Amino acid sequence: MTSLKLHAVLAASFLALAPVSASAEIVGKVGVDWTGNDILIDAVPDPEVSGVTCHVTYFDRSVIDRLRKGNWFEDPSNNSIACRQTGPIEIGNISLSESGEEVFRAGLSLIWKKLVVNRIYDKKNDTLIYLVHSRELTNGSAKMAISTIPLFGQNVTWKNGKPK
C-alpha cells in the first residue's frame, strides 16, 4: 500500500471514531494526560422535549494512546450525563413505554460500540429520566448514569396533552 493510500485509510478510520450526531455540540474539552487523551463534553438537546439540554461526557483516546495500548478502533465506555431545564419545557410525541426511547447515539468504536442516551417518562412521579450507557454488539456495558428532570410544579406544555 502506498504511503498516500495508507494515510487516507488512517484518516478515514479516525473520522469514523469521532462521535457523530446531528444535534450534539461539543462545548468542552479537557486534557487529562500528556499523551493527548481528552474528556469531551457534548450539549445534547432533546429533539422531542424543547427546553431540556443534556450534557454528556465521554473519553476520547489520543493517537499516542492508541499506538501504545493497541485497540485502535475503540474508546472506553466511561460516560456521564447531567440534564437540566434550559428553557420553557414543551413535550412533543414521546414514548410512554417502560423502555422509553433513544434520544442520542454516538460511535465509540469503528463498528460495534455506541454511546446511547435514552429518555424514559416516569408518569407516577411526573419526571423525565435520561439514561446514558454503552451498547456493544457482544456484551452490554454495566457502566451507566442517569439524570432526571422533575416536571411537578413546572409550567410544562404537552403538545398531545398530558398523559393520564
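Summarised in this report is the structure supplied together with it. Bear in mind the structure is a predicted one, so any value in this text is a computation, not a measurement.

### Let's talk about the overall build of the protein
- Along the backbone of the protein there are two helices and nine strands.
- Reading the protein from its N terminus to its C terminus gives the helix and strand order α-β-β-β-α-β-β-β-β-β-β.
- Sorting the 164 residues of the protein into buried and exposed places 38% on the buried side.
- Within the protein, counting contacts between residues at least 6 apart in sequence, those at least 24 apart form 51% of the total.

### Some words on the environment of L131
- Mapped onto the elements of the fold, L131 is located in strand β7 (residues 127-135).
- C-alpha of L131 to C-alpha of A82: the two residues are 49 residues apart in sequence and 9.6 Å apart in space.
- Ignoring sequence-local partners within four residues, the contact set of L131 consists of V116, V117, N118, M144, A145 and I146.

### Points about the pairing of strand β4 (residues 80-91)
- Sheet topology places strand β3 (residues 49-60) next to β4; eight bridges connect them, and they run antiparallel. The residue bridging T53 from the neighbouring strand is R84, located in β4.
- Of the pairings in the sheet, the one linking β4 to strand β9 (residues 156-158) comprises three bridges and is parallel in character. In the sheet register, E90 faces β9, and the bridge partner there is T157.

### Quick look at the nonpolar core
- Of all hydrophobic cores here, the largest spans 26 residues; its most connected members are I81, I91, L128, Y130 and L151.
- The set of elements that each furnish at least two residues to this core consists of β2 (38-45), β3, β4, β5 (101-107), β6 (114-122), β7, β8 (144-150) and β9.
- For this core, the element with the highest residue contribution is β3, accounting for five residues.

### What about the packing of aromatic side chains?
- For the coordinates displayed, the defined rule picks out one aromatic pair.
- The interplanar angle of 70° and the centroid separation of 5.3 Å between the aromatic rings of Y121 and W158 together place this pair among those described as edge-to-face. Linking Y121 in strand β6 with W158 in strand β9, this pair joins segments that are 37 residues apart in sequence. Of the two residues, Y121 and W158, neither departs from the other in class, the shared state being buried.

### So, the state of the cysteines
- For the coordinates displayed, the defined rule picks out one disulfide.
- Shown here is the disulfide that connects C54 with C83, its sulfur atoms set 2.1 Å apart. Between C54 and C83, the disulfide has an S-S torsion of 105° and is therefore right-handed. One end of the pair, C54, is in strand β3; the other, C83, is in strand β4, with 29 residues separating them in the sequence.
- We classify C54 as buried; its relative accessible area is 4%.
- For C83, a relative accessible area of 0% corresponds to the buried category.

What counts, and where the lines are drawn
Residues numbered from 1 in each chain as written. Predicted model: local features only at pLDDT ≥ 70, side-chain atom pairs only at ≥ 80, totals over all residues. Heavy atoms only, no water. Helix = DSSP H or I, 4+ residues; strand = E, 2+ residues; numbered from the N terminus. Buried < 20%, exposed > 50% of the residue type's maximum accessible area, 1.4 Å probe, protein only. Contact = heavy atoms within 4.5 Å. Pairing = 2+ DSSP bridges. Core = buried A, V, L, I, M, F, W, Y, C linked by side-chain atoms within 4.5 Å. Phe/Tyr/Trp six-rings, centres within 6.5 Å; stacked < 30°, edge-to-face > 60°. Disulfide = S-S within 2.5 Å.

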